[in-house]
Amino acid sequence: MTSYDVIIIGAGPAGLTAAYELMSSGKKTLLLEKKSQVGGLAETKVFGEHRYDIGPHRFFTKNKEVYDLFLKILGDDAVEVKRKTRILFKNSYFDYPLTPLNALFGLGIFESIAIVFSYFVARLKGYLKISKITNFEEWVIDKFGAKLFNNFFKNYTEKVWGIDCKDIGKDWAAQRIKGLSLSTAIKFALFPNSKKRPKTLVDMFYYPKLGAGMLWEKFEEEIKSKNINVVKNAEVINIDDADEVITLEYLSDGDIKKVSCAHVLFSNPLLDFINFYKDELPNEVIDAASKLEYRNHISVHITIDKKLFDDNWIYIHSPELKMARIADFTNFSKDMSIEGNYPLTLEYFCFEDDEIWNSDKNDIIDFAISELKQIFKEEFQVVHTDITKNPKAYPVIRTGYEENLNILREWLSKKKNLTAIGRSGMFKYNNQDHAMATGLYAVRNLLGKGNFDPWEVNVDGEYHEEIITA
Ligand SMILES: Cc1cc2nc3c(=O)[nH]c(=O)nc-3n(C[C@H](O)[C@H](O)[C@H](O)COP(=O)(O)OP(=O)(O)OC[C@H]3O[C@@H](n4cnc5c(N)ncnc54)[C@H](O)[C@@H]3O)c2cc1C
């Protein structure tokens, strides 16, 4: 059995960045990845000449160190993209982030009056202090009115999370829709160059010219060249830390292999990870874990011979469509396909026992194509299709999830040589940059280079959703 100083589970952004930070430390490191390629949820799927991300990936960060690392690794392979995104609702397109005038007038005069009226009702209730604000829905209604909530928040939020907006905490809304009331939005509409324009509203971003996953493939090249052992098609299935040394079992080519180490950094889903310890978990931890859930995600990849839109992606708020979002990757980088071909990813969110998750691949593709035709009502030829199923892609942020997560964290904190990193590993709605930062900080702690708290990364939930602005 080969022994290592550190074993990292998962070669997504968190695991690869952790390995990068370890590569000059002299620590013997093994990175185990279940899939046949690196990048995790930020991978790029390549089918011949068609390249697709599993959903649109825009790299953005306020962490200078992470940003510098992104640019250093990508070098000349970073292309600058001018962001264009819109919302589709009631057969009309709306700017994203939502602009007040567009939201008001895009739906016709009667709906506009209703929006303004419901906004003033909400403000009046706020003024009279009779608003009840206990959840996401009530928080948004208080800020924007019930009409705007129903039109531009409810459908999409419920498609993504699969739960009622009343079951999402008000704190979650407060963190993400910070400072953007309808009145501040109007101010930004009137004074678009205002210096106080929130930083989150960036409309340019860098993108790796061959897809989001290109960044992670370049990380892989770099760490392999510095003697980090990366093993793909290697699914960790068990851990034993009864002794000083930790033993891991992983599946590789149908065989079970064993390796040992002094420290494990894991970025595989937290609920899978604690399941390795199911025989020793206290009831309280089992109970808390049973109340946490992940949302699955399906990417339907369809290349067509016609350009249907020039947005990077479009949010599909229309409740009659199951699709949540659609992206055309040639609007990110022309190198994502050959001339005249347009690789699209259509996204569906679901739970593990939902019909769509368990449907046949061809049925899912046919259904997605029918929705595509319903939206665009144009003739096109389908050049290529495939799907990617992404289990446990979104940690569900149901009210009270933090308390349950804290119980798991408390148990984990007693295991001094096990460290959670990344999005699914920490059960946190993290983006790539956050995942990277958790990997960096966890390794620095391990190397005695500081006392960082990876759980503090993205604690204020910055920038994820830019829901309304000028
Ligand atoms: C649809 C979608 C759109 C997104 N858009 C953006 C965006 O615009 N910008 C942005 O910055 N971020 C975006 N993200 C988030 C980003 O993809 C994640 O934050 C990032 O990939 C998290 O990295 P990670 O390493 O923590 O986890 P992951 O990417 O989930 O990587 C974990 C890895 O662990 C592997 N693994 C799991 N179990 C095992 C096991 N038992 N043994 C071995 N390996 C295992 C997995 O195969 C995976 O490769 C998006 C995510 C989704 C799903």
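Before going further, it helps to spend a moment on the overall build of the protein. From N to C terminus, the protein includes 16 helices and 18 strands. Here the C-alpha atoms of the protein give a radius of gyration of 23 Å, agreeing with the 23 Å that 2.2 N^0.38 yields for 470 residues. Within the protein, the fraction of its 470 residues that count as buried is 57%. Taken as a whole, the protein presents about 20,800 Å² of accessible surface, with 50% of it coming from carbon and sulfur. Seen as two clouds, the 61 positive and the 68 negative side-chain charges of the protein have centres 6 Å apart.

It is worth spelling out the pattern of salt bridges at this point. Considering all chains together, one arrives at 26 salt bridges under this definition. Salt-bridge contacts for Asp386 lead to Lys361; the nearest nitrogen and oxygen are separated by 3.1 Å. Taken together, the residues Asp386 in strand β17 (residues 382-395) and Lys361 in helix α13 (residues 361-376) connect sequence positions 25 residues apart. Accessibility expressed as a relative area gives 15% for Asp386, which makes it buried. Three or more residues are tied together by salt bridges with common partners; here these are Glu21, Glu65 and Arg444.

To continue, consider unusual backbone geometry. Of note in this structure, Lys129 is not a glycine but carries a positive phi near 60°. With respect to the secondary-structure elements, Lys129 resides in the loop between α4 (109-127) and α5 (136-144). Lys129 gets classed as exposed once you look at its relative accessible area, which sits at 72%. Residues other than glycine seldom take positive phi values, yet Asp253 does so here, at roughly 50°. Looking at the element boundaries, Asp253 is found in the loop between β11 (246-252) and β12 (255-266). The class for Asp253 is exposed, based on a relative accessible area of 73%.

This part takes up the sheet that holds β17. The strand order β7-β6-β14-β15-β16-β13-β17 describes an open sheet built from seven strands, whose pairing is mixed. The open sheet terminates on both sides in strands that have one partner only, identified here as β7 (92-95) and β17. Geometrically, the sheet is characterised by an average inter-axis angle of 25° between neighbouring strands, direction not taken into account. The pairing of strand β6 (residues 85-89) with strand β14 (residues 313-316) spans four bridges and is classified as parallel.

Let's shift gears to the site of the ligand. Lining the immediate surroundings of the ligand are 33 residues, of which Glu33, His57, Arg58, Arg423 and Asn430 lie closest. A distance of 2.9 Å is found between a nitrogen atom of the ligand and a side-chain nitrogen or oxygen belonging to Asn431. Note that an oxygen atom of the ligand is positioned 3.0 Å from one of the backbone N or O atoms of Gln432. Burial of the ligand by the protein chains amounts to 94% of its free accessible area of 1,000 Å². Of all the secondary structure elements, the ones that give two or more residues to the shell around the ligand are α1 (13-22), β10 (235-240) and α16 (432-446). Of the residues that constitute the shell around the ligand, the class distribution is 14 nonpolar, 11 polar and eight charged.

What follows covers the packing of helix α11 (residues 283-290) against helix α14 (residues 401-413). Where α11 meets α14, the closest approach of the two axes is 8 Å, and the angle between their N-to-C directions is 140°. With respect to their mutual orientation, α11 and α14 come out oblique. The hand of the α11/α14 crossing is left-handed. Between α11 and α14, the residues in contact are Glu284, Val285, Ala288 and Ala289 and Asn404, Ile407, Leu408 and Trp411, respectively. Here the contact of α11 with α14 is composed, by residue class, of six nonpolar, one polar and one charged.

Further remarks concern the confidence of the model for the protein. On average, residues of the protein score 91 in pLDDT, and 92% of them reach the 70 mark or higher. Segment residues 463-470 is flagged for pLDDT under 50; beyond a separation of four residues in sequence, or across chains, it makes 48 contacts in the model.

In this section: the domain arrangement of the protein. Under the domain assignment used here, the protein contains domain 1 (2-42 + 209-289 + 397-456) and domain 2 (98-190). A C-alpha centroid distance of 38 Å is found between domain 1 and domain 2. Contacts between the two partners involve four residues from domain 1 and, on the opposite side, eight residues from domain 2. Each partner contributes to the roughly 650 Å² buried at the junction of domain 1 and domain 2, and carbon and sulfur atoms together form 64% of this total. When the area that domain 1 buries against domain 2 is broken down by residue, the three leading residues are Ile397, Arg398 and Tyr429, summing to 78%. At the surface where domain 1 touches domain 2, the tally comes to zero salt bridges.

This part takes up a nonpolar patch on the surface. On the surface, a nonpolar cluster with roughly 480 Å² of combined accessible area is contributed by Leu124, Tyr127, Leu128 and Ile130. Position of Leu128 among the secondary structure elements: in the loop between α4 and α5.

With 84 residues, the main nonpolar core has Phe152 and Leu248 as its most contacted residues. Looking at this core, the element that brings in the most residues is helix α6 (residues 146-161), giving seven residues. Those residues within four positions of Phe152 in sequence are excluded, and the remaining contacts are Ile87, Phe89, Phe94, Leu98, Ala103, Leu107 and His317. The next biggest cluster of nonpolar side chains, apart from the first, holds 36 residues, and it includes Leu16, Ile73, Ala435 and Val457.

The next subject is α16. The end-to-end C-alpha distance of α16, which contains 15 residues, comes to 21 Å, matching closely the 21 Å that a straight helix rising 1.5 Å per residue would cover. Of all 15 residues in α16, 13 are buried; the element is thus mostly enclosed. In the segment just after α16, Gly448 is the residue with positive phi, at about 70°.

Procedures and definitions
- Residues numbered from 1 in each chain as written.
- Predicted model: local features only at pLDDT ≥ 70, side-chain atom pairs only at ≥ 80, totals over all residues.
- Heavy atoms only, no water.
- Helix = DSSP H or I, 4+ residues; strand = E, 2+ residues; numbered from the N terminus.
- Rg over C-alpha atoms; globule rule 2.2 N^0.38 Å.
- Buried < 20%, exposed > 50% of the residue type's maximum accessible area, 1.4 Å probe, protein only.
- Areas by Shrake-Rupley, 256 points an atom, 1.4 Å probe, with all protein chains shown as cover.
- Lys, Arg positive; Asp, Glu negative; His and termini not counted.
- Charge placed at Lys NZ, Arg CZ, Asp CG, Glu CD.
- Salt bridge = Lys/Arg side-chain N within 4 Å of Asp/Glu carboxyl O.
- Pairing = 2+ DSSP bridges.
- Axes fitted to C-alpha atoms, helices over the stretch in contact; angles between N-to-C directions.
- Near = heavy atom within 4 Å.
- Polar contact = N/O pair within 3.5 Å; in protein donor to acceptor, adjacent residues only side chain to side chain.
- Nonpolar A, V, L, I, M, F, W, Y, C, P; charged D, E, K, R; others polar.
- Parallel < 35°, antiparallel > 145°, perpendicular 65-115°, else oblique.
- Left-handed = near helix turned anticlockwise from the far one by under 90°.
- Contact = heavy atoms within 4.5 Å.
- pLDDT = per-residue confidence, 0-100.
- Domains from an automatic or database assignment.
- Buried area = accessible area lost by both parts, 1.4 Å probe.
- Patch = residues over 30% accessible without salt bridge, like charges linked within 9 Å, V, L, I, M, F, W, Y side chains within 5 Å.
- Core = buried A, V, L, I, M, F, W, Y, C linked by side-chain atoms within 4.5 Å.
- Expected span 1.5 Å × (residues − 1).

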